[in-house]
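# Close look at the chain arrangement
Letter by letter, the chains look like this.
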Amino acid sequence: MNKAIAELLHRSGVPVLPIMTHPGIELIGRHVIDAVTDGQTHCDAVMALYRRFPYSVASTTIMDLSVEAEAFGASVVFEQGEVPTVSGRLLQSADDVGRLQIPSLDTARVPEYLKANRLAAEALAQPLFGGCIGPFSLAGRLYDMTELMMAMYIEPGTARKLLDKCTEFLCGYVRAIKDAGSAGVVMAEPAAGLLSNDDCLAYSTEYVRRIVDDVQDDSFAVILHNCGNSGQCTDAMAASGAAALHFGNSIDMAEVIRQVPSDIVVMGNVDPVGVMKMGTPELVSAKVSELLEIAEGHDNFVLSTGCDVPPMSPVCNIEAFFKAAGYEL
């Protein structure tokens, strides 16, 4: 097991690592748009959340799936209280894919995210996990997801050329996150959940594996997140080589724990919207207790949310999450 992950598991109590940054933005009285455009504000939000809830085995940066696409030239929509989203289609044809240039790390908001990683990693008294998008999900944002999936069968060379370029950029980006002092990265690859296991192996895992092989070592871990997987591509996720696999709330965690090898960490999967944001503290507590019962006796389990806890999630629900895991607030 990866040393960076193994150290988290050997702490006392139930290991807990919710993917959670937005509540920290609210704790400092700022808005999402402030944190996703300014590295200092982003870091301040991470630190505020760490001071308020120091029970997690690590901190995380914002799961923003628009940063890398914007660096390539995609149009991004910013709204004050919402996570940025990619708008429209950057690439229209195979020729566009051929002409696509791999951007530098000085492009768009990439420097601000690297700044947030560096500042938070220096200030925290616990590990920090940065964030990035996965190669298939990035390709879908650049080419349009429906068009990309059609290209997989009609123009596989075009799909693979685009994935090669996305992977090359992501290797450099994750290396920079590592150089900034982070202990690892949460790679969000939700679009791969649209694929069968065989297609996931061919068009996601193969490229994720390149990044894992490039950056993962004893001190730096890749956590592969796929909240789109409903169970059909878990084997493909496990084949990525990532030290940990992070699952969304649409999957049966009891089945996941049986299926994933014990030397790979399994993380998940309290519903971030239906439970953490829209539910009650009682519902949060019940879901956490259910997961802990499922995971009893499995030393490779880390309690987490199924995805990034969204903006405006009630603090009382976050408190209930940690209380149900046995932490005294």
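None of these values were measured; they are calculated from a predicted model.

Thresholds applied
- Residues numbered from 1 in each chain as written.
- Predicted model: local features only at pLDDT ≥ 70, side-chain atom pairs only at ≥ 80, totals over all residues.
- Heavy atoms only, no water.
- Helix = DSSP H or I, 4+ residues; strand = E, 2+ residues; numbered from the N terminus.
- Buried < 20%, exposed > 50% of the residue type's maximum accessible area, 1.4 Å probe, protein only.
- Contact = heavy atoms within 4.5 Å.
- Salt bridge = Lys/Arg side-chain N within 4 Å of Asp/Glu carboxyl O.
- 1 Å grid on protein atoms, 1.4 Å probe; cavity = no way out; pocket = protein on both sides within 12 Å on 5 of 7 lines; lining within 4 Å.
- Points joined across faces, edges and corners; volume = space filled by probe spheres on them.
- Nonpolar A, V, L, I, M, F, W, Y, C, P; charged D, E, K, R; others polar.
- Pairing = 2+ DSSP bridges.
- Axes fitted to C-alpha atoms, helices over the stretch in contact; angles between N-to-C directions.
- Disulfide = S-S within 2.5 Å.
- Phe/Tyr/Trp six-rings, centres within 6.5 Å; stacked < 30°, edge-to-face > 60°.
- Lys NZ or Arg CZ within 6 Å of the ring centre and 35° of its normal.

### Here we look at the side chain of Thr-234
Inspection of the secondary structure assignment puts Thr-234 in helix 12 (residues 234-238). For Thr-234, a relative accessible area of 1% puts it in the buried group. Those residues in contact with Thr-234 that sit more than four places away from it in its chain are Asn-197, Asn-229, Phe-247, Ile-251, Gln-259 and Val-260.

### Examining the pattern of salt bridges
Using the criterion set out here, one finds 12 salt bridges in the structure. Residue Asp-64 pairs with Arg-109 through a salt bridge whose shortest N-O separation is 2.9 Å. Separated by 45 residues along the polypeptide, Asp-64 in the loop between strand 1 (59-60) and helix 5 (67-72) and Arg-109 in the loop between helix 6 (94-99) and helix 7 (110-123) bring together distant segments of the chain. A relative accessible area of 4% places Asp-64 in the buried class. Relative accessible area serves as the criterion here: at 6%, Arg-109 is assigned to the buried category. A salt bridge links Asp-164 to Arg-210; its shortest N-O distance comes to 2.8 Å. Here Asp-164 is found in helix 10 (residues 156-179), whereas its partner Arg-210 is found in helix 11 (residues 197-215), with 46 residues between them in sequence. Judged by its relative accessible area of 32%, Asp-164 is partly exposed. The network of salt bridges with common partners includes Arg-160, Asp-164, Glu-206 and Arg-210.

### Comments concerning empty space enclosed by the protein
Enumeration over the complete set of coordinates arrives at four cavities of 30 Å³ or more. Volume-wise, the largest cavity comes out at about 110 Å³. If you go around the largest cavity, you meet 13 residues; those closest to its centre are Met-20, Leu-49, Ala-58, Ser-59 and Thr-60. Among the secondary structure elements, those contributing two or more residues to the lining of the largest cavity are helix 4 (39-52) and strand 1. Residues of the lining of the largest cavity, tallied by class, amount to eight nonpolar, five polar and no charged. By volume, the second largest cavity amounts to about 60 Å³. Lining the second largest cavity, in full, are Ile-62, Met-63, Asp-64, Leu-65, Val-67, Glu-68, Tyr-113, Gly-131, Cys-132, Tyr-173, Val-186 and Ala-188. Of all the secondary-structure elements, those providing two or more residues to the lining of the second largest cavity are helix 5, strand 4 (128-133) and strand 5 (184-188).

### Topic: the sheet that holds strand 5
In space, the seven strands of this open sheet follow the order 1-4-5-6-7-8-9, with parallel pairing throughout. Bordering the open sheet on either side are strand 1 and strand 9 (301-305), each of which pairs with just one other strand. Relative to the sheet, helix 15 (residues 281-295) contacts strand 8 (265-270) and strand 9, its axis offset from that of strand 9 by approximately 160°.

### Describing the environment of Pro-156
Relative to the elements of secondary structure, Pro-156 occurs in helix 10. Since its relative accessible area comes to 34%, Pro-156 is described here as partly exposed. A sequence separation of 47 residues divides Pro-156 from Tyr-203, and the C-alpha atoms of the two residues are 9.7 Å apart. If near-sequence neighbours (up to four positions away) are discounted, Pro-156 is found in contact with Ala-151 and Tyr-203.

### As for the state of the cysteines
Counted according to the given criterion, the structure contains zero disulfides. Among the cysteines around Cys-43, which has no disulfide bond, Cys-132 carries the closest sulfur, lying 19 Å off. Cys-171 supplies the cysteine sulfur nearest to Cys-132, a cysteine that is in no disulfide, at a spacing of 9.7 Å. What makes Cys-132 buried here is its relative accessible area of 2%.

### Section: the packing of aromatic side chains
Summed over all chains, the structure comprises seven aromatic pairs. Aromatic pair Phe-72 and Phe-169: ring centres 5.2 Å apart, planes at 70°, arrangement edge-to-face. Separated by 97 residues along the polypeptide, Phe-72 in helix 5 and Phe-169 in helix 10 bring together distant segments of the chain. For Phe-72, a relative accessible area of 9% gives the class buried. The class for Phe-169 is buried, based on a relative accessible area of 2%. A centroid spacing of 6.1 Å and a plane angle of 25° characterise the contact between Phe-169 and Tyr-173, whose relative ring orientation is stacked. With Phe-169 and Tyr-173 both in helix 10 and four residues apart, this pair spans about one turn of that helix. Across the pair, Tyr-173 and Phe-169 agree in class, each one buried. Through a chain of ring-to-ring contacts, three or more aromatic side chains come together here, namely Phe-53, Tyr-55, Phe-321, Phe-322 and Tyr-327. Its end group placed over the ring of Tyr-143, Arg-89 keeps NZ or CZ at 4.8 Å from the ring centre.

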